[in-house]
Amino acid sequence: MNKNKIISMFNALDYSALRQFPELSSLWFVDNSQNVRGLLEILDSAVVPHLDFKNAVRQDTTFIPENLRKHVSDLLYSIPIQKDSVSASERETLPVYVLVEHQSTVDRKMAYRLHAYMMQVWSVHLQDYGLQEHPQDEWGLPAVIGIVFYTGDRKWSVPLSLRELANPFNPFRVYVPECRFLLLDVKHTEAATLTQPDHLFGWALTVLQQEHGSEAALRSAIVSVVERLLSLGPDEVGQRDKVLSYIYMLIYGRREREEREGLVHTIHDLIEDKSLRAKEESKVQTIAQSLFEEGMEAGEKRGIEIGVVRAKREDTLKTIHTRFDDVPDELTRKIGRMRSLKRLDAIFTQALEAQSIEDIEW
């Protein structure tokens, strides 16, 4: 089946995001102005009333140097300030930029990376403003809100600002810019914190929290979110479709094959509208068909890869259970579902060298 046909049939669903879950799908999910708003409502609700999200513009980031683009995502929004928050001239010349970097791993250099990106945003802004022939005494730097949307399993434990990267005993530390970023550590944030703003984005993140959880826990989270989706008005159909598509991505990208059908049926059983149910069932059939066709094309290679991964899972679990008592059930379950040979190799090495079960980073 042609990729373009698949994308058009899925409507809100981005096929490439399904194929590369979670590297692309999480950023794809954030990538609309209403979900950026939901992200800010969780992290800094005080700024939300001052921003005009209806007129937010997704920015072209081709100005970012190639070497920087390899390390920093290019999700950048320019959002006007609300009319009643500043003067008309300030509103016109000083938007607020929001950049979102998705991370599935912890990166100690993140504050530096975001600072480098911010410098590029400010540089381009000043160049554009200067071309409009404004006097230099009218120039100003717009706010750039850096957000790290972290969906990894390890708790984020590295600095959230550039200054924190400097030696704390260094007398020159004060000369390093603060440049703090906002962090949403999805897996280690209380579900009540995500849902407190009562924004659909936060509710959808409770499903992501359970991507490696038990089937029952994931099903419970899905039910809560879908029930809210079905209560949305007709003007919020786009949001509903995006959340449902993201849930399908998670089911097909993170759960074992024998669980998928039951989880999808859980969604469809909640949908009373026959036309909506037919639309969602068609979407899922397309997903299943595309997976089948891909499997037929690359079945032999995949079979070998799966065999290698399965053997590494078994070796890793055997080593851990041989060396340590009281191995957490969650660790056993997560390793049993891992598909990354690189990650399994890393955990296997840690299991051989660790002095205690706590030394294994999972």
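Residues numbered from 1 in each chain as written. Predicted model: local features only at pLDDT ≥ 70, side-chain atom pairs only at ≥ 80, totals over all residues. Heavy atoms only, no water.

(A) Looking closely at the environment of E164. With respect to the helices and strands, E164 occurs in the loop between β4 (144-150) and β5 (182-185). Owing to a relative accessible area of 31%, E164 belongs among the partly exposed residues under this scheme. Distance in space between the C-alpha atoms of E164 and P177 is 9.6 Å, their sequence separation being 13 residues. Polar contacts involving the side chain of E164 include one to the side chain of S161, which spans 3.1 Å. (Helix = DSSP H or I, 4+ residues; strand = E, 2+ residues; numbered from the N terminus. Buried < 20%, exposed > 50% of the residue type's maximum accessible area, 1.4 Å probe, protein only. Polar contact = N/O pair within 3.5 Å; in protein donor to acceptor, adjacent residues only side chain to side chain.)

(B) Molecular detail of the nonpolar core. By size, the foremost hydrophobic cluster in this structure holds 54 residues, and its most contacted members are V98, V100, F149, L205, I222, I247 and I267. The dominant element in this core, judged by the number of residues it contributes, is helix α11 (residues 237-254), at nine residues. Other than its neighbours up to four places away in sequence, L205 contacts I42, F149, L184, V186 and L194. In terms of nonpolar packing, the next biggest core, distinct from the first, is built from 18 residues, L76, M118, Y150 and L162 among them. (Core = buried A, V, L, I, M, F, W, Y, C linked by side-chain atoms within 4.5 Å. Contact = heavy atoms within 4.5 Å.)

(C) Molecular detail of helix α10 (residues 215-229). Across its 15 residues, α10 extends 21 Å between first and last C-alpha, which sits within 8% of the 21 Å expected from 1.5 Å per residue. Residues of α10 that are buried make contact with α9 (200-209), α11 and α12 (257-270). (Expected span 1.5 Å × (residues − 1).)

(D) The arrangement of α11 in detail. A rise of 1.5 Å per residue sets the reference length of α11, with its 18 residues, at 26 Å; its end C-alpha atoms lie 25 Å apart and thus fit the reference within 8%. Where burial is concerned, most of α11 is hidden: 15 out of the 18 residues are buried.

(E) Quick peek at the pattern of salt bridges. Overall, the coordinates contain 22 salt bridges when judged by the stated rule. Put simply, E259 and R255 hold a salt bridge, and the shortest N to O gap is 2.7 Å. You can call E259 buried: its relative accessible area is 9%. We note a salt bridge from E280 to K283, for which the minimum N-O separation is 3.6 Å. (Salt bridge = Lys/Arg side-chain N within 4 Å of Asp/Glu carboxyl O.)

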